[in-house]
Amino acid sequence: MAGGDYTMNPSEANGKVPAQVNTSTGTPEKAAWGRPLEFILACLGYAVGLGNVWRFPYLAYRNGGGAFLIPFFLMMMLIGLPLFFLELYIGQYTSLGPLKAFEAIAPFFSGLGYCTLVVISLISVYYMIIVAWTLFYTIVSIAGNLDWGSCENEFNTDCYEPYDGRYCLNGTETIPWYSNVRRTIAAEEYYTQRVLGRGDATWENWGTIQWHLVGCLALAWFVAFLCVIKGVQSAGKVVYFTALFPYVMLTALLIRGVTLEGARDGIVFYLTPDWSTLLDARVWGDAASQIFYSFGVACGSLITLASYNGFYNNCHFDTIFVCFANFLTSVYAGFAIFSVLGFQAELMGVQIDDVAEQGPGLAFVAYPEALLQMPIPQFWSILFFLMLFILGLGSQFAGIEAINTAIVDQWPQFRKRYWMVTATTCFCCFILGIPMCFSGGVYLFTLLEWNTASWAILLIGLAESAAVAWSYGINRAMNDLAAMNMKLNAVLRFYWKATWAVVLPAASVAVVAFIFSDWTAPSYADYVFPLFADILGWLTAISTIILFPVGVGWALYKGYRGKELFTPTEDWKPSSRALSNPPNDISSDTNQTAYDNVAYI
């Protein structure tokens, strides 16, 4: 093999690959998952996150209840599943991270990997802020301080206790709830004033630093660091817990929820189909947006995770299993959420419409308020917030690995001190997250979330499909899959060809058009951001794709012209794990196809 002697263990054929050392350079070879199950759980933990719990159920009820499952399933089949498999194929075939892989597939796409790096870096920074919020609620729940149901805290101003029917002004004066005064539910004021410390903060007045959030953010990053300190070798063991235990807690919450009064109404409300919504373009746009949001595609993380696979790992099965598990988890979580919201609506004597929210409004206001009305509220609060913390933390592992892989692929000598790379990544992301720990930090968080995981990643996904299907060649890609021992029948081959080459690009363009047609300026609650903040948001979004044309310019500067721009370089080749000890059921001719594909003009 080029680049030094390399001896492969027979277990590589089954996906289990031990770490090796390149004898010519003295640097460790790329690590690998201990067993294929670790990779599946890592993908599952990455894809199944907070969006399944706090975003999908709300979108389902808002867009026709059970009828929403039709566009969501179709968007999964036409966008999510193809792009998920495409990224696993790229990573596993080359054993390269996204930076090197897209540089290798064609010089024209050399900036694409850097686009994914910017996206996942931004997401890793602001997503951990949510994890810090869940950690804060977990800690106070363990301590027994469930103060979000009371208006008698020092931070309360104009607070309403929905179950007691009391309205408190400045935390002391109690007047009837029906008075002609603006009311804020106790749990909402706890979230905005106690947790976020928002106060009167604006973009012009950033407020004070909230040290409890800084502490939770530091602790969250420290826990993440310990989990991925040795890369996939340590993360592969942690994912057995982070990927599976949330299902245990979600099931416990569901069992408790369906036994509550009003739970049936909540579930019926969640599932009752409104077929007329299928004629609304917004419903299909929401379904496609949720696919990108939930599956975590076009961020480079899946390519990174797959790059640690053995060459013959069955990533086709992995794709189907993880994507369908993600889909079913979203539906399953809806039952747990709406059974409790039905209970809350029953107690308050209001419609479920009045308590159903999404995002932080669901996780930190509506659901916690309902938990207080259950027997043993402390236990259920710990269970709920610990579940959110583990879900959020599990989704972070792939992002950290994507950043680390970008570094060690560029400078392989750092593999000897991988834990230092991990520490540097976690520390830098922690520092970058501190501005979101100020009173006005939620505005920056909102701006990043609004403009990062949005239209830009759709364009990145479009470019990824174009790189494989149109630049590299869809038939070459199918041959690569055959060389990797993927047994695809004629129907499956047609499906992957059609989705990669036509459907995925067309659907991405359509969803981008929908997003811009329905675009609104970023805001938080009733606070509309000023113009300079809106401009900052657009600059953030542009920063995620600007490196693509920069990469094209760099390729032209390096002398690539015409067909050369779209021809794979010598670095696009099968993983160094390819030709040693292939599975018994793969012929030498088929195996050699992997190398025949890299004989270019």
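Residues numbered from 1 in each chain as written. Predicted model: local features only at pLDDT ≥ 70, side-chain atom pairs only at ≥ 80, totals over all residues. Heavy atoms only, no water.

Notes on empty space enclosed by the protein
A complete count under the given rule lists 3 cavities of 30 Å³ or more for this structure. Computed from the structure, the largest cavity encloses a volume of approximately 330 Å³. Lining the largest cavity are 23 residues, with Y46, I123, Y127, Y293 and G296 positioned closest to its centre. Looking at the lining of the largest cavity element by element, the count peaks at 6 residues for helix α6 (residues 112-143). (1 Å grid on protein atoms, 1.4 Å probe; cavity = no way out; pocket = protein on both sides within 12 Å on 5 of 7 lines; lining within 4 Å. Points joined across faces, edges and corners; volume = space filled by probe spheres on them. Helix = DSSP H or I, 4+ residues; strand = E, 2+ residues; numbered from the N terminus.)

Brief notes about the environment of E401
Here E401 shows up in helix α16 (residues 377-410). Classification of E401 by relative accessible area gives buried; the value is 2%. Separated by 101 residues in the primary sequence, E401 and G300 have C-alpha atoms spaced 9.9 Å apart. Not counting the four nearest positions on each side in its chain, E401 is found in contact with V228, G231, V232, T304, Y308 and Y418. (Buried < 20%, exposed > 50% of the residue type's maximum accessible area, 1.4 Å probe, protein only. Contact = heavy atoms within 4.5 Å.)

A short note on the UniProt feature "binding site: Na(+)" (unreviewed entry) in the protein
Here the UniProt feature "binding site: Na(+)" (unreviewed entry) sits at G45, A47, V48, N52, S294, N326, L391 and S395. In summary, the annotated positions, though distributed over 351 residues, converge in three dimensions, the widest C-alpha pair being only 12.7 Å. From the list above, the largest cavity is lined by A47, N52, S294 and S395. Structurally, G45 can be placed in helix α1 (residues 36-47). If sequence neighbours within four positions are ignored, G45 has contacts with A243, L391, G394 and S395. Note on N326: relative accessible area 1%, which makes it buried. (UniProt positions renumbered as here; feature names shortened; annotations may be inferred.)

Quick look at helix α12 (residues 281-295)
Counted at 1.5 Å a residue, the expected span for α12 with its 15 residues is 21 Å, and the 21 Å between its end C-alpha atoms agrees. Those residues of α12 lying buried are V283, G285, D286, A287, A288, Q290, I291, F292, S294 and F295. Capping of α12 at its N-terminal end is provided by D280; its side-chain oxygen lies 3.0 Å from the backbone amide nitrogen of R282. After α12 finishes, the residue G296 shows a positive phi value of roughly 70°. (Expected span 1.5 Å × (residues − 1). Polar contact = N/O pair within 3.5 Å; in protein donor to acceptor, adjacent residues only side chain to side chain.)

With respect to a nonpolar patch on the surface
Together, L531, I535, L539, I542, I546 and V550 make up a nonpolar patch on the protein surface, roughly 560 Å² of accessible area in all. Top element by residues in the nonpolar patch is helix α21 (residues 531-543). It accounts for 4 residues. Assignment of secondary structure puts L539 in helix α21. A relative accessible area of 53% means that L539 is categorised as exposed. (Patch = residues over 30% accessible without salt bridge, like charges linked within 9 Å, V, L, I, M, F, W, Y side chains within 5 Å. Areas by Shrake-Rupley, 256 points an atom, 1.4 Å probe, with all protein chains shown as cover. Salt bridge = Lys/Arg side-chain N within 4 Å of Asp/Glu carboxyl O.)

Topic: the packing of helix α14 (residues 315-348) against helix α15 (residues 360-371)
Where α14 contacts α15, the two axes come as close as 8 Å, and the packing angle between them is 55°. The pairing of α14 with α15 is recorded here as oblique in orientation. Pair α14 / α15 crosses with left-handed handedness. In this structure, α14 uses A336, I337, V340, L341, F343 and Q344 to contact α15, whose residues at the interface are L362, A366, Y367, E369 and A370. Among the residues forming the contact of α14 with α15, the class breakdown is 9 nonpolar, 1 polar and 1 charged. (Axes fitted to C-alpha atoms, helices over the stretch in contact; angles between N-to-C directions. Parallel < 35°, antiparallel > 145°, perpendicular 65-115°, else oblique. Left-handed = near helix turned anticlockwise from the far one by under 90°. Nonpolar A, V, L, I, M, F, W, Y, C, P; charged D, E, K, R; others polar.)

Some points on α15
If you check α15, its first and last C-alpha atoms are 15 Å apart, about what 12 residues at 1.5 Å a residue would give, namely 16 Å. With respect to burial, α15 is a largely interior element, 11 of its 12 residues being buried. Among the residues making up α15, those that are buried are G361, L362, A363, F364, V365, A366, Y367, P368, E369, A370 and L371.

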